[in-house]
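Notes for the structure review
So the chains spell out like this:
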Amino acid sequence: IQRIANTVPLSVFHCTTKDSELMGYSIPQGTMIIQNLDSMLREEGQWKFPHEFNPENFLNEQGEFLFCEPGSRICLGESLARMELFLIIVTLLRRFKFVWPEDAGKPDLTPVFGATLTPKPYFMKIQLRGNQ
Ligand code: HEM
């Protein structure tokens, strides 16, 4: 979901702390670097299904989860974020059923563009699950 929703497509801006070289390009110290996460998260050849929501993008041939290669740069808050997402989503799903209304047509997943990508306004039926 986070790959497809991609809420901060240009990430936070970075800056080179020393003269650097990347894929044959020399980048002087002090250059502002803007990453295009949107391009990376949908790059053809990097994903089995680059333009689809499909959890198989993150599984190997044996159906096992693919981890980041050691040495990859990662989010320092990853373990906190994973825990928060798990607790919030599981709590909501245990108590409520989220139903796309029959008369709402197909969902429009095109985001509202800006520094962040946000969903367009939409209607959703939220039903309390029984025995809670
Ligand atoms: C769903 C939630 C989150 C997502 C998708 C996310 C995503 C990211 C991404 C893409 C980066 C960029 C890595 C880079 O540019 O090299 C990053 C870096 C970072 N994130 Fe997160 N993050 C999340 C939550 C958090 C939380 C909860 C915290 C702190 C409590 C946090 C703290 C940081 C820090 C400190 C960095 C900089 C790491 C570095 O520069 O080495 N993040 N995150």
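Residues numbered from 1 in each chain as written. Predicted model: local features only at pLDDT ≥ 70, side-chain atom pairs only at ≥ 80, totals over all residues. Heavy atoms only, no water.

Looking at an unreviewed UniProt entry, one finds the chain named Cytochrome P450 2D9-like, with Poecilia reticulata as its source organism. Under the heading Cofactor (unreviewed entry), UniProt records this for the chain: "heme". (UniProt positions renumbered as here; feature names shortened; annotations may be inferred.)

Let us look at the overall build of the chain. Across its full length, the chain holds three helices and six strands. Each helix and strand of the chain, placed in order from N terminus to C terminus, yields the pattern α-β-β-β-β-α-α-β-β. Principal-axis analysis of the C-alpha atoms places the extent of the chain at approximately 60 × 35 × 30 Å. Across the 132 residues that make up the chain, the buried fraction comes to 9%. (Helix = DSSP H or I, 4+ residues; strand = E, 2+ residues; numbered from the N terminus. Buried < 20%, exposed > 50% of the residue type's maximum accessible area, 1.4 Å probe, protein only.)

Enumeration over the complete set of coordinates arrives at three salt bridges. With its nearest N and O atoms 3.8 Å apart, the salt bridge here joins Arg-42 to Asp-38. Across the salt bridge formed by Asp-108 and Lys-120, the nearest N and O atoms sit 2.7 Å from each other. In this pair, Asp-108 sits in the loop between strand 5 (96-99) and strand 6 (125-128) while Lys-120 sits in the loop between strand 5 and strand 6, placing the two residues 12 residues apart along the sequence. With a relative accessible area of 32%, Lys-120 lands in the partly exposed category. (Salt bridge = Lys/Arg side-chain N within 4 Å of Asp/Glu carboxyl O.)

Next up on the list: the UniProt feature "binding site: heme" (unreviewed entry) in the chain. With numbering matched to this structure, UniProt assigns "binding site: heme" (unreviewed entry) to Cys-75. Its location among the elements puts Cys-75 in the loop between helix 2 (37-41) and helix 3 (78-95).

In this section: the environment of Val-99. Position of Val-99 relative to the elements: it lies in strand 5. Between the alpha carbons of Val-99 and Met-124 there is a distance of 6.1 Å; along the sequence they are 25 residues apart. Ignoring sequence-local partners within four residues, the contact set of Val-99 consists of Met-124, Lys-125 and Gln-127. (Contact = heavy atoms within 4.5 Å.)

This part takes up the packing of aromatic side chains. Each aromatic ring pair is described using two quantities: the centre-to-centre distance and the angle formed by the ring planes. One pass over the full model with this rule turns up two aromatic pairs. Arg-3 extends its terminal NZ or CZ atom over the ring of Trp-47, reaching a point 5.0 Å from the ring centre. (Phe/Tyr/Trp six-rings, centres within 6.5 Å; stacked < 30°, edge-to-face > 60°. Lys NZ or Arg CZ within 6 Å of the ring centre and 35° of its normal.)

The next thing to look at is the domain arrangement of the chain. For the chain, the domain assignment lists domain 1 (1-74) and domain 2 (77-132). Each of domain 1 and domain 2 was reduced to a C-alpha centroid, and the two centroids are 24 Å apart. Both sides of the domain 1 and domain 2 interface together cover about 460 Å² of buried area, and 59% of this is carbon and sulfur. There are zero salt bridges connecting domain 1 and domain 2. (Domains from an automatic or database assignment. Buried area = accessible area lost by both parts, 1.4 Å probe.)

A few words now on the side chain of Thr-16. Here Thr-16 lies in the loop between strand 1 (14-15) and strand 2 (20-22). Look at Thr-16 and you get buried, because its relative accessible area is 12%. Engagement of the side chain of Thr-16 in a polar contact is seen with the backbone nitrogen of Thr-31, the distance being 3.0 Å. (Polar contact = N/O pair within 3.5 Å; in protein donor to acceptor, adjacent residues only side chain to side chain.)

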